Every structure is written in structure tokens, then in C-alpha cells.
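The primary structure of each chain is shown beneath.
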Amino acid sequence: MKSGSSVAVYPGSFDPITYGHVDIVDRTLAIFPELIVGVANNPSKKGIFSVAERIELISESLKDRKGVRVESFEGLLVDFCKERGAAVIIRGLRALSDFEFEFQMAMMNQRMRPEGETVFMMTGPQYFYLSSSIIKEVVQFGGDVGGLVPEVVNERLKSYHGRKLSGR
Ligand code: ADP
């Protein structure tokens, strides 16, 4: 890791942002003074929210935190990090199922950019089984996700009730 680089990038789909993501952001900010939340703009992965909407919901959810900015990126994450002078990639770890994929990605990123590091943050136990996909499943059938997503997201999701939620 390049010494002196205190900018971290937290990449993901954030479709939509949940309190699990927010938990990782807060844990990261306790260690790194500057964090870029990077919303992956992946045309082959259609979400329920557009990238612009996701950015809006993340910005609103994190508006009280200092040192955070939200951006979208396309293409390789390592290139985005390089452009932003960030040496650290943050990923959240939940149940065991995350491990294999995350490990594979971290290895590949390390190969492409040896001077960068992936740092894994452990989620709080209350968010261990929380994911954007389970939120979408529940909302699709009219379930209540209050307390699991920021209020602004909850409100927005309510407008989707009864519609088919596609995505991952
Ligand atoms: P991706 O499509 O890149 O997996 P996500 O938005 O699903 O995007 O997740 C982004 C990152 O946040 C991943 O590292 C994921 O493991 C982490 N994450 C998502 N939900 C939680 C949670 N409840 N607790 C901890 N980390 C989480």
C-alpha cells in the first residue's frame, strides 16, 4: 500500500443502499478520513434504480457524514481508484457466501494493481443477512423493510409496491 494515501473507495451496486452498506461506511470512516462511494455503472446488470437515482439515495442517506462523496464509475475498479489516487478498496463481508467471490475479485485486483489493497470490513451482526436483493424481494410482495434501509430509501421503495422488481 502506498504510504500516505488515505483515500478509500467503497464500490458496489447499491441497488438500493441498505443499513448494511451504511454500517460499512461508518466503520470505514473511523479508519479512513476520506471515502468515495463508487456506484458501478454496469450496463449488463440492470437494477431497479438508475445509477443517478442510486447516487441520489446514497447522498441523501449519508448527508450528515463528513469526508464522503458519491460517484459512479464504469470499467475497471482499479482504474477508477488510480484516477482518484485511492490505494484502498473497501468491501463488506457478511455470511460465508460472500467470501469466495470477494477473494477472487481481490486477487484479480491485486494482480492488476499490486500497489493497491482490498480491506474487508466485518458487518455488524444485525446486518449479517441483509442484502439489496432480499430488500427487493420483500418489497415486491408488500413487506415492510423499515429499519433495514434509510428512510429515504424506504419511502422510494413504497412507490414500487405491486410492481415487479427486477435486478439481481
Ligand atoms: P456488488 O454488486 O458489488 O456486490 P452490493 O451493493 O451488493 O454490490 O455490495 C457492495 C459491497 O457492500 C459488497 O462488498 C458487499 O459485500 C457489501 N455489503 C452489502 N450488504 C452488506 C451488509 N449487510 N453488511 C456488510 N456488507 C454488505
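In this text, all values refer to a predicted model and were calculated from it rather than measured experimentally. (Residues numbered from 1 in each chain as written. Predicted model: local features only at pLDDT ≥ 70, side-chain atom pairs only at ≥ 80, totals over all residues. Heavy atoms only, no water.)

Once that is clear, we can look at the overall build of the protein chain. When its secondary structure is counted, the protein chain shows 6 helices and 5 strands. Ordered by position from N to C terminus, the α and β elements of the protein chain give β-α-β-α-β-α-β-α-β-α-α. With respect to the principal axes defined by its C-alpha atoms, the protein chain has extents near 50 × 30 × 30 Å. For the protein chain, the residues scored as buried account for 46% of the 168 residues in total. Once local pairs closer than 6 in sequence are excluded, the contacts in the protein chain between residues at least 24 apart make up 77%. Counting every atom, the protein chain has about 9,200 Å² of accessible surface; 54% of that belongs to carbon and sulfur. In the protein chain, which carries 21 positive and 21 negative side-chain charges, the distance between the mean positions of the two groups comes to 2 Å. (Helix = DSSP H or I, 4+ residues; strand = E, 2+ residues; numbered from the N terminus. Buried < 20%, exposed > 50% of the residue type's maximum accessible area, 1.4 Å probe, protein only. Contact = heavy atoms within 4.5 Å. Areas by Shrake-Rupley, 256 points an atom, 1.4 Å probe, with all protein chains shown as cover. Lys, Arg positive; Asp, Glu negative; His and termini not counted. Charge placed at Lys NZ, Arg CZ, Asp CG, Glu CD.)

The pairing of strand β2 (residues 34-40) with strand β3 (residues 68-73) spans 6 bridges and is classified as parallel. Among the inter-strand pairings, L35 is bridged to a residue of β3, identified as V68. Handedness of the β2-helix α2 (residues 51-61)-β3 crossover: right-handed. (Pairing = 2+ DSSP bridges. Right-handed = clockwise from strand over helix to strand, strands pointing away.)

Residues in close proximity to the ligand total 18 residues, the closest being Y10, S13, F14, G92 and L130. At a separation of 3.1 Å, an oxygen atom of the ligand approaches a polar side-chain atom of K45. R91 is positioned with one of its side-chain polar atoms (N or O) 3.1 Å from an oxygen atom of the ligand. When isolated, the ligand has an accessible area of 550 Å², and the protein chains bury 93% of it. Those elements that provide at least two residues to the shell around the ligand are β1 (7-12), α1 (19-29), β4 (88-93) and α4 (97-112). Residues of the shell around the ligand, tallied by class, amount to 6 nonpolar, 6 polar and 6 charged. (Near = heavy atom within 4 Å. Polar contact = N/O pair within 3.5 Å; in protein donor to acceptor, adjacent residues only side chain to side chain. Nonpolar A, V, L, I, M, F, W, Y, C, P; charged D, E, K, R; others polar.)

Relative to strand β5 (residues 117-122), β4 is paired through 6 bridges, and the arrangement is parallel. Each bridged residue has a counterpart across the sheet, and for I90 the counterpart in β5 is V119. Following the chain from β4 across α4 to the adjacent parallel β5, one finds a crossover that is right-handed.

The next subject is a nonpolar patch on the surface. Together, L76, M108 and M112 give the surface a local cluster of nonpolar side chains, amounting to about 270 Å² of exposed area. Structurally, the position occupied by L76 is in the loop between β3 and α3 (77-83). L76 sits in the partly exposed class, given a relative accessible area of 43%. (Patch = residues over 30% accessible without salt bridge, like charges linked within 9 Å, V, L, I, M, F, W, Y side chains within 5 Å. Salt bridge = Lys/Arg side-chain N within 4 Å of Asp/Glu carboxyl O.)

In this section: the pattern of salt bridges. Where charged atoms from two side chains of opposite charge approach closely, those side chains can pair. Enumeration over the complete set of coordinates arrives at 15 salt bridges. Its salt-bridge partner being E34, residue R69 comes within 3.2 Å of it at the nearest N-O pair. Of this pair, R69 sits in strand β3 while E34 sits in strand β2; the two residues are 35 residues apart in sequence, bridging distant segments of the chain. Note on E34: relative accessible area 31%, which makes it partly exposed.

Moving on, we come to the sheet that holds β1. Spatially, 5 strands are ordered β3-β2-β1-β4-β5 in an open sheet, and the strand pairing comes out parallel. Looking at strand neighbours, the two that pair on one side only are β3 and β5, the edges of this open sheet. Each adjacent strand pair in this sheet contributes to an overall mean axis angle of 30°, direction not counted. Together, β1, β2, β3, β4 and β5 form the strand contacts of α1, whose direction differs from that of β5 by roughly 115°. (Axes fitted to C-alpha atoms, helices over the stretch in contact; angles between N-to-C directions.)

Let us look at unusual backbone geometry. In the segment running from D15 into P16, the intervening peptide bond is cis, with an omega of 0°. Non-glycine residue F14 carries a positive phi angle of around 50°. When its relative accessible area of 3% is taken as the criterion, F14 is described as buried.

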